[in-house]
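Here's the letter readout for the chains.
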Amino acid sequence: MKRYIQPVLTLFFIIAAASMVAQTEGAATSTIRGSVVDAQSDFPLPGVTVVVIGSDPVLGAITDIDGRFRIENVPIGRHALKVSYIGYESRSIPNLLVMSGKDLEVNVNLTESITQLESAEVIAEDDKTRPKNEMATVSARSFTVEEAMRYSGALQDPSRMAQNFAGVSNSSDDRNDIVIRGNSPSGVLWRMEGIDIPSPNHFAAFGSTGGPVSMLNINNLSNSDFLTGAFPAEYGNALAGAFDLELRNGNKESYEFLGQVGFNGFELGAEGPLGIGKNASFMVNYRYSTLEAFNALGIEFGTGTAVPQYQDLTFKIDIPTAKAGRFGIFGVGGTSYIEFLASDATETNLFSSDAEDSRFRSTSGWVGVTHQYFFNEKTRSKLVLAASHAGTDGTIDSLSVEDGSPHRVTGLDRFQNRYIAKFEINHKANARNTFKAGIQGDLSQVHFVDSIRFASGEFFKESDVDDQLELLQTYAGWQHRMNERLTVNLGLHSQHLLMNSSNSFEPRLGVRYALSGGQSLNLGAGLHSQMQPLPVYFNRQRIDANTSVVNNDQLDFNRSLHTVIGYDNVLSEHFRIKVEAYYQYLYNIAVDRDPSSFSVLNVGADFVIPNNADLVNDGTGENFGLEFTAERFFHRGFYGLATFSLFESNYVGSDGVERGTAFNTNYVANLLAGKEFTMNNKTSLSFDTKVTYAGGQRYTPIDLEASISQNREVRLENEAFSMQFDPYFRWDFKVTLRVNGKKTAQQFSVDLRNLTGRENIFTQTFNARSGEIDTRYQIGFFPDVQYRIYF
């Protein structure tokens, strides 16, 4: 714990000095602005009434012809909005945090009532977690930016925040992989602004969707959707779930700035009017690794040379026009580098080994142009043109037992350049029927070179390719609201991999039936498919010293059938319970041709891509479970969330043996709660806590005798994932202080991760020098200190 004292004190004095600029004069107020659109068509709604609930005198506004509203002189603190429009279901938007130095943007969609009432207002139960995507009826919820900022232990990372939801677990503290219902994290689809993106993480590896540090900056995100199964037809090339993200627009009326410092990075942000037309705006944010900066100043964290070096940039430009539609430009990019030297190997340095030196670099990013156009109030189109890059390179040097001299044993150089064109059209025929259809074409240029060194000193290239792949996806969906209670979503997704003519046609179904008293029954079912991790297609099988062949390039998609049934009960305006039961059958899964325990269902939660070079689509698997959620929405300064998941995740490899998967931890329980105290009209103090208790990670036992004999780690593959570490337990506690001046808002927080210092096992490895099995533990007690200022 001593190694944290110096950097924590350094941050404390920085924060204390900055806090002295807090202004104390005058009553602080701010502005709430935003827009209101039709939920099915996205068309702006003019004439909508937006009122701050409980304000005296009444504060409110009427939306203009573009659906925009602006409410000025709103006192700082928490407020709720009521949004109402004749013929539409009214909505209340609670717990909006109004701060100095920054306008609050609130974008609302309203659902048209099936029974048109010309002089009456339709009141409907408002589900505060309902997804933004109206065609998602089951296993889906929206999340707010404030949730990601509020939850203890989440590190303002959307992935770590999602691990609090039912059906979701993590693989380890050091990474933010999302394990959904026992599926591999590789089965998660990441999407931003409507297009698929590579893993949005620093230090990410091909074939995985997680990493140690997220590139997603929570300060730049808008409210987004998270889907955990039986998702609508527009989502494809995924088996587990989807994270559908949107970037927020910048302030169209005035310039705003952000400064932030914490263990996630030093950060600067700016936004404001662009000067093109009356409503164009920009938003940009840059972040630089805090640990790297402190290391340059001589402040040590006990990690030796293993200092994570990374930086990232996020931006969005929004240009609405009067007649030509709405144009947008967006982008996210980042670089990262780290090295693990034998001289730094300790039990707390999770990836270092005392027998080797390793160095890894990664780059990732995407940029896109969007155009949205309304032909009329019922029909709109959206075109997205985007390009992305993901690359990793690295080396591993084995150190001689005699003199410690390095010998290169592994080298890799991989990248993928991806070009995407997507066109979607949405048509709302009437209040009952909405249609959506789209097409997306992907062109991927890949470069994969991986080499290993055998004991004989000979190098073999496990992959050596420069090639391209084309993936074509189409989808169509129809939402039919039979009456005020029953909604049915039907859809069809198809995808075609031109490289080997793999095809998939996937019907999707979603049903929601609203019972009385805020209750509802939900049903979802559908087929889903996904490509193999890209490097797997190009793995080379060694025949002899001079010959190797590629066998995997003809692999078909991995496939899955999802079925979900759920029950929702909104017991009051501030409390709900939810229960879901599901069954997933996975088939056509890539496994070894020769009998073995290998399956791609077990990969994706680390930095290793399987080098198996002779795979066939003969594997199967199944996931089934029960999930429970009880949620007290933020009200009168208090919130609570309890989730419990009980599940089984099994697979069958080419040896015909049914086993639990690497992610079959069987259960996970989360309990979160928080209380906010308003100290005066400018200052608030919040306490947030989280407790997680879950089944231990599965692992394959080490054959110690064989490992000693061969001087390398040997696992008992016929007993794959048969062992399980002790249950995982972690308690996090967070304290947040907010101070509002007249033109600035400041926030200081201390997030104490793993407050009890619980030693959760990370992994067990064979130590060739000692001939013993070493046990390494996950991150112990770790204080995350952060300061943020808006001005």
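Residues numbered from 1 in each chain as written. Predicted model: local features only at pLDDT ≥ 70, side-chain atom pairs only at ≥ 80, totals over all residues. Heavy atoms only, no water.

Draft legend 1. Representation of the overall build of the chain. Helices and strands together make up the secondary structure of the chain, namely 5 helices and 45 strands. Here the C-alpha radius of gyration of the chain, 26 Å, is about what a compact globule of 791 residues would show, namely 28 Å. The principal-axis extent of the C-alpha atoms belonging to the chain is close to 85 × 60 × 45 Å. In the chain, which comprises 791 residues, the share counted as buried stands at 58%. Here the chain displays about 31200 Å² of accessible surface, and carbon together with sulfur accounts for 58% of that area. Averaging the coordinates of the 68 positive side-chain charges in the chain and doing the same for the 91 negative ones gives two points 7 Å apart. (Helix = DSSP H or I, 4+ residues; strand = E, 2+ residues; numbered from the N terminus. Rg over C-alpha atoms; globule rule 2.2 N^0.38 Å. Buried < 20%, exposed > 50% of the residue type's maximum accessible area, 1.4 Å probe, protein only. Areas by Shrake-Rupley, 256 points an atom, 1.4 Å probe, with all protein chains shown as cover. Lys, Arg positive; Asp, Glu negative; His and termini not counted. Charge placed at Lys NZ, Arg CZ, Asp CG, Glu CD.)

Draft legend 2. The sheet that holds strand S16 (residues 241-245), seen in detail. Ordered in space as S8-S15-S16-S11-S12, the 5 strands form an open sheet in which the pairing is mixed. Pairing within the sheet leaves two strands with one partner each, and these edge strands are strand S8 (140-143) and strand S12 (195-196). As paired strands, strand S11 (residues 188-192) and S16 are joined by 5 bridges and run parallel to one another. Along S16, the bridge assignment pairs valine 188 with glycine 241. (Pairing = 2+ DSSP bridges.)

Draft legend 3. Local environment of the environment of lysine 742. Along the chain, the position of lysine 742 falls in the loop between strand S41 (728-740) and strand S42 (745-753). Given the relative accessible area of 43%, lysine 742 is considered partly exposed. Counting along the chain gives 643 residues from lysine 742 to methionine 99, while the straight-line C-alpha distance between them is 9.5 Å.

Draft legend 4. Up close: the nonpolar core. If you look at the biggest cluster of nonpolar residues, it comprises 41 residues, and the most contacted ones within it are Phe165, Ile178, Trp190, Met192, Phe226, Phe243 and Leu245. Contributions of two or more residues to this core are made by helix H2 (145-150), helix H3 (158-162), S11, S16, strand S21 (326-340), strand S23 (379-399) and strand S35 (638-652). Setting aside residues up to four positions removed in sequence, methionine 192 forms contacts with Ile197, Leu216, Leu221, Leu245, Leu247, Phe330, Val332 and Trp366. Ranked by size, the runner-up nonpolar core spans 31 residues in total, among them Phe206, Val536, Leu555 and Leu615. (Core = buried A, V, L, I, M, F, W, Y, C linked by side-chain atoms within 4.5 Å. Contact = heavy atoms within 4.5 Å.)

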